[in-house]
Amino acid sequence: PHTRMDQEAVTTATNVRLQRNGGPTEHTGTLQVTRHHLIYISPTLTLWLGYPLIHSAELQRPPRFTARRDGSAPTRSEVCAWSDQASVHIRGHHFVFLVLRCGDLRQLYGVFAAIKRRACVARVEQLYAFHMGSENTSSMQGEEERGGWSMYDARKEYERMGVGSEERRGGTAWRFSAANKAYALCATYPSTLVVPTRISDTTLTYAAAHRSKRRLPVLSYLHANGASLTRASQPMVGLQQARSVQDEKLVEAIVCSIDGGGGAARGSMERVHVIIDARPTTNAVANRAVGAGSENMDHYARCRKEYLGIDNIHVMRDSLSRLVDALDGPGGVVSRLQRSGGEWLRHISGILGGARSIAETLGRGNHVLVHCSDGWDRTAQLTSLAQLCLDPYYRTARGFAVLVEKEWMAFGHQFSLRCGHVGHVERFRVSRARARPAAAAEDGAGDAESDGGAEASLAGTAMLGRLASRALRGVHARIASAMQTDGDDSPDPFGEFAELQPGYVPPGASSSSGGFRLGRSRHDHETSPVFQQFLDCVFQMTVQHPAVFEFNELFLLDLFYHVHAAQFGSFLGNCMREREAFRQRTGSVWSWVFRHRVFAESPYANPLYLADPVAAAQDVILPDPGFLQYWTAMFSGHEPQELHDDSEQVSVE
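Quick caveat, the model's predicted, so the values are computed rather than measured.

This part is about the sheet that holds strand β12 (residues 273-277). What the 5 strands build is an open sheet, ordered β10-β11-β14-β12-β13; its pairing is mixed. Each edge of the open sheet carries a strand with a single partner, namely β10 (218-222) and β13 (303-307). Pairs of neighbouring strands in the sheet enclose a mean axial angle of 25°, with direction left out of account. Direction of pairing for β10 relative to strand β11 (residues 228-231): antiparallel, over a ladder of 4 bridges. By the bridge assignment for β11, Tyr 221 is matched with Leu 229. Docked against the sheet, helix α11 (residues 343-363) engages β11, β12, β13 and β14 (367-371), running at close to 155° with respect to β14.

Written out as structure tokens, the structure is:
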């Protein structure tokens, strides 16, 4: 659903030629830059692209214009042929790759400048979700729209697991704690926590001080056999191997939370608590230098530790980048994915292998504590996938929504940082197209390379900007701008657009705010496809166990789209505390997902689903990390249906 106000064009370009995902078809139509969308309309294609979906864009200017040797004016056809070498390349987070060309260079520059200005927002509140929430809440029937925010009730969900119940083995060993009601204990944890009954809130306060970001061990899932899955962040041990008696008591209370059963007495020495450190061993050890690290097992009785060797967010981001480079080329999607070398699937295999190990350990009745560095990336992947393996409820559509709300949103996965919702001005680059062979002899063979365009110049600007003073930075920006500007007799209108010049800062942002810095910003440095990997892992499980999931592939694809589209408030913000402020101003993605009153009649329903786990004979499922395939539908540029009404006309100011 889009509001008519969003459809008011800010910039319009006609006779724009568009190629999508390297296909041979070149469409010709009108491109309109509205408040929140890029809209392309032609007789053969209609495309809506929300700005948050744009990962990066590059303007390739035509080669330097060379005047005739006799000094005469160039012909119109010569100018058109020269300007036609310019193009705009757009890469979407959802793997849509667009190439735009237009014979009118001023129109093309104007489009790129307008997209950059609209896409580079300084605050989350500038995103489309807030525009929709304030002006279009009635389109989704009011109360139902608000109802999506109440999809997850922490107390209700933990009670479903058996917390506090005398009928559930180990249920009375756990209690609800209000210690984080005002987020004073841990700013990135949910307000409702479940902890061992024998541990007081005072002990929790001291134990939190020993964990990174104060993310202390708390209950994530209570299995039917009484085994617990808890999550935390790395301990702050440092080089001096610091310890916390309160943290050790908390872990000990978790170990003793089962009253035996099956022949084992309460607190039996036969029961082992497994501490899962998701990181590679070298990374965990290296973190001691910054005051963190991993548990010293001499201080945690009846516990053993396992390292899973899952790489950090930076490795995962680089892996996806290499995969995208392979995708943005000729050939079909499958052949392009095969050219990537399989690195992405090796990471997916590692995550699924870790989740399987956790599920098997819990199935044997042993407790598991999972952490990585800060406990909001790899930890969320592992805990949620392990629960999918063990609990059929989470394999229903609403159960899956509860799982995502609990493990990802409530426990503080940083969606806005990981998805790069704000602060990516450095991803809009300017370069020079290489001169065509006929012009190369006259321009000089090295012209395209030495110009490298603004991309090379911006790179130099970025390096200098990190080292020089603000004054020197300004001087260098003026030099870089001069390097990009053609002579006075050039028909290139590049200098008319402030947004295309080095050092441009979007409206409402300060160059010293940290959100828009020369070079790689903090926002870009913190991006990573963590949630995308989780959805990929779920897809692999649906392929391996097609009859035990109520939802289908389209369900996962639409969730992946909306993580980046910023159309709903569910995936905005970096923790539950931030997201609480969005509830009255934005819609919930679950209101959209469950817009059909009967899920079995929705396009997300899996026709192979067997609701009875006995009939399916698969109450517990385990993924096979060696049987994987590329998720080609995701890498093909998926876009949800029914998001807008193509019949509505876009008004032009």
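From this point, the discussion proceeds with the structure in view.
Another aspect to go through is the confidence of the model for the protein chain. In the predicted model, the protein chain carries a mean pLDDT of 83, and 79% of its residues have values of at least 70. Scored below 50 in pLDDT, residues 134-145 makes 24 contacts in the model with residues more than four places away or belonging to other chains. A low-confidence stretch, residues 644-653 (pLDDT under 50), is modelled with 21 contacts involving residues beyond four sequence positions or located in other chains.

Summed over all chains, the structure comprises 27 aromatic pairs. Plain terms: the ring middles of Tyr 109 and Phe 497 are 6.1 Å apart, the flat faces sit at 90° to each other, and that makes the pair edge-to-face. Of this pair, Tyr 109 sits in helix α2 (residues 105-119) while Phe 497 is found in the loop between α18 (470-484) and α19 (522-525), placing the two residues 388 residues apart along the sequence. Phe 497 matches Tyr 109 in its accessibility class, with the two residues each being buried. Of note, Arg 160 hangs over the ring of Tyr 394, and the distance from its end group to the ring centre comes to 5.2 Å.

With 110 residues, the main nonpolar core has Leu 385, Phe 400, Phe 555 and Trp 590 as its most contacted residues. When residues no more than four places from it in sequence are discounted, the contact partners of Trp 590 are Gly 148, Met 151, Ala 401, Val 404, Glu 405, Met 409, Phe 555 and Leu 559. Counting 43 residues, the second-largest nonpolar core is a separate cluster that includes Val 33, Ala 57, Leu 105 and Val 111.

Following both chains from N to C, one finds helix α12 (residues 378-390) and helix α20 (residues 530-544) inclined at 20°, their axes separated by 10 Å at the closest point. The angle between α12 and α20 places the two elements in the roughly parallel class. For the pair α12 and α20, the crossing hand works out as right-handed. Of α20, the residues touching α12 (which contributes Gln 381, Ser 384, Leu 385, Leu 388 and Cys 389) are Val 530, Gln 533, Phe 534, Cys 537, Val 538 and Met 541. Across the contact of α12 with α20, the residue classes tally to 8 nonpolar, 3 polar and no charged.

Reading the values: rules and limits
- Residues numbered from 1 in each chain as written.
- Predicted model: local features only at pLDDT ≥ 70, side-chain atom pairs only at ≥ 80, totals over all residues.
- Heavy atoms only, no water.
- Pairing = 2+ DSSP bridges.
- Helix = DSSP H or I, 4+ residues; strand = E, 2+ residues; numbered from the N terminus.
- Axes fitted to C-alpha atoms, helices over the stretch in contact; angles between N-to-C directions.
- Contact = heavy atoms within 4.5 Å.
- pLDDT = per-residue confidence, 0-100.
- Phe/Tyr/Trp six-rings, centres within 6.5 Å; stacked < 30°, edge-to-face > 60°.
- Buried < 20%, exposed > 50% of the residue type's maximum accessible area, 1.4 Å probe, protein only.
- Lys NZ or Arg CZ within 6 Å of the ring centre and 35° of its normal.
- Core = buried A, V, L, I, M, F, W, Y, C linked by side-chain atoms within 4.5 Å.
- Parallel < 35°, antiparallel > 145°, perpendicular 65-115°, else oblique.
- Left-handed = near helix turned anticlockwise from the far one by under 90°.
- Nonpolar A, V, L, I, M, F, W, Y, C, P; charged D, E, K, R; others polar.

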